[in-house]
Amino acid sequence: MVYTPRSARRGVLFAGSVAVLGLLTACGNGQTVHSDPPMKSSGTAAPATGDSTPGPSDTATTPSPASSASSAPTGAPTAAPTRATATSGGGTTAVSTRCHTSELRASVGRNDPGAGQENFPLVLTNTSGRTCTVRGFPGAAFVNASGDQLGPNPGRESGGTSKTVTLKPGQSAWAGLTFSNPGVSGARTAKPAALLITPPDERDHLKVTWTGGEVPVSGNSSSVFLTVFSPGTAP
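Given the structure is predicted, the values throughout are model-derived calculations rather than measurements.

Peer 1: Help me out: how do you make sense of the overall build of the protein chain in this one?
Peer 2: Along the backbone of the protein chain there are three helices and 14 strands. Looking at the protein chain as a whole, 27% of its 235 residues qualify as buried. A fraction of 73% describes how many contacts in the protein chain between residues 6 or more apart in sequence connect residues 24 or more apart. For the protein chain, the computed accessible surface area is about 15900 Å², with 55% contributed by carbon and sulfur atoms.

Peer 1: Please explain the packing of aromatic side chains as it appears in this structure.
Peer 2: The geometry of an aromatic ring pair is captured by the separation of the ring centres together with the interplanar angle, meaning the angle of the planes. All told, the structure shown has three aromatic pairs when counted by the stated rule. With centroids separated by 5.0 Å and ring planes inclined at 75°, the aromatic side chains of F142 and W210 adopt a geometry described as edge-to-face. Within this pair, whereas F142 is found in strand β4 (residues 139-143), its partner W210 is found in the loop between β11 (206-209) and β12 (215-218), the two being separated by 68 residues in sequence. Given the relative accessible area of 4%, F142 is considered buried. Since its relative accessible area comes to 6%, W210 is described here as buried.

Peer 1: Even after reading the chapter, I still don't get the state of the cysteines, so can you show me in this structure?
Peer 2: Here, disulfide denotes a covalent bond that connects the sulfur atoms of two cysteines. Taken as a whole and judged by the stated rule, the model has one disulfide. Between the sulfur of C99 and that of C132 lies a disulfide, 2.0 Å long from S to S. Judged by the torsion about the S-S bond (90°), the C99/C132 disulfide is right-handed. Highlighted residues: C99 in the loop between α2 (65-70) and β1 (104-108) and C132 in strand β3 (residues 132-135), separated in sequence by 33 residues. When sorted by exposure, C99 lands in the same class as C132, which is buried.

Peer 1: Teacher, can you tell me more about the sheet that holds β11 here?
Peer 2: In a beta sheet, neighbouring strands are held together by backbone hydrogen bonds and run either parallel or antiparallel to one another. Ordered by their spatial adjacency, four strands build an open sheet running β5-β4-β10-β11, and the pairing between neighbours is antiparallel. Looking at the sheet topology across the chains shown, the edges are occupied by β5 (149-150) and β11. Note: β4 against β5, two bridges, orientation antiparallel. Directly across from F142, in β5, lies its bridge partner L150.

Peer 1: I tried to follow the environment of A115 on my own but got confused; where do I start?
Peer 2: By the secondary structure assignment, A115 is in the loop between β1 and β2 (117-126). Look at A115 and you get exposed, because its relative accessible area is 85%. Here the alpha-carbon distance between A115 and N181, two residues 66 residues apart in the chain, equals 9.1 Å.

Peer 1: Just checking my understanding: could you explain the pattern of salt bridges for this structure?
Peer 2: Side chains that differ in sign of charge can pair as their charged atoms come close. Per the counting criterion, the structure on display carries two salt bridges. One salt bridge in this structure joins E202 and R98, with 2.7 Å as the shortest N-O distance. Here R98 lies in the loop between α2 and β1 and E202 lies in the loop between β10 (194-198) and β11, a separation of 104 residues in the sequence. Judged by its relative accessible area of 18%, E202 falls in the buried class. A salt bridge links R130 to E103; the nearest nitrogen and oxygen atoms lie 2.6 Å apart. With R130 in the loop between β2 and β3 and E103 in the loop between α2 and β1, this pair connects stretches of sequence that are 27 residues apart.

Definitions and limits used
- Residues numbered from 1 in each chain as written.
- Predicted model: local features only at pLDDT ≥ 70, side-chain atom pairs only at ≥ 80, totals over all residues.
- Heavy atoms only, no water.
- Helix = DSSP H or I, 4+ residues; strand = E, 2+ residues; numbered from the N terminus.
- Buried < 20%, exposed > 50% of the residue type's maximum accessible area, 1.4 Å probe, protein only.
- Contact = heavy atoms within 4.5 Å.
- Areas by Shrake-Rupley, 256 points an atom, 1.4 Å probe, with all protein chains shown as cover.
- Phe/Tyr/Trp six-rings, centres within 6.5 Å; stacked < 30°, edge-to-face > 60°.
- Disulfide = S-S within 2.5 Å.
- Pairing = 2+ DSSP bridges.
- Salt bridge = Lys/Arg side-chain N within 4 Å of Asp/Glu carboxyl O.

Here it is in structure tokens:
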């Protein structure tokens with residue numbers, strides 16, 4: 001039996017312990033250390049255009065009211081203002097009484113010539129079941145059978161005073177359409193197929209067959225004028 005000094009035995013035990021500890025540490029490091037950084041999932045949390053839906057991998061967050069307002073896409077539609085209506089609670093909201101195109105019938109009255117002038121009354125009649133009003137000048141345009149306009153838009157006669165004309169169902173108002181007789185003025189003429197009449201403050205027009213003969217469309221003294229509406233069907 002070989003005798004080993006106590007100090008030598010202690011050195012061997014210490015070396016063995018260090019080796020075991022190193023092995024355990026190496027095994028642990030092999031299971032927990034990664035050389036690459038963590039990967040992040042890609043995706044858009046809040047589509048700016050509002051026309052796409054986040055996919056399953058997207059992480060959506062709920063923005064605060066302030067951030068929602070600041071991130072709204074440029075040109076996004078805004079809520080249209082609500083039109084006020086009368087209420088039963090004693091509100092002060094006013095409702096327009098203007099006659100709309102759909103509530104009216106248009107006609108052209110008999111020519112009343114005088115002093116080289118041709119004068120036609122343009123008549124609007126209330127065909128609705130409510131009372132409505134007209135005020136000011138109508139719009140008008142002569143057109144051919146194809147719907148093409150003949151001549152410029154009629155002008156507005158100066159010196160007329162606009163007043164509100166109240167029309168109960170079945171009542172009428174008239175405005176004058178006047179121009180110099182082409183035979184006297186020498187203006188170039190055309191024979192319209194129809195006259196388009198637009199009520200005051202409306203965009204839709206009413207079409208009336210024109211039976212008044214030739215009208216001036218260009219040249220000297222070719223202007224056509226309109227007057228404001230008055231009660232009735234003729235002067």
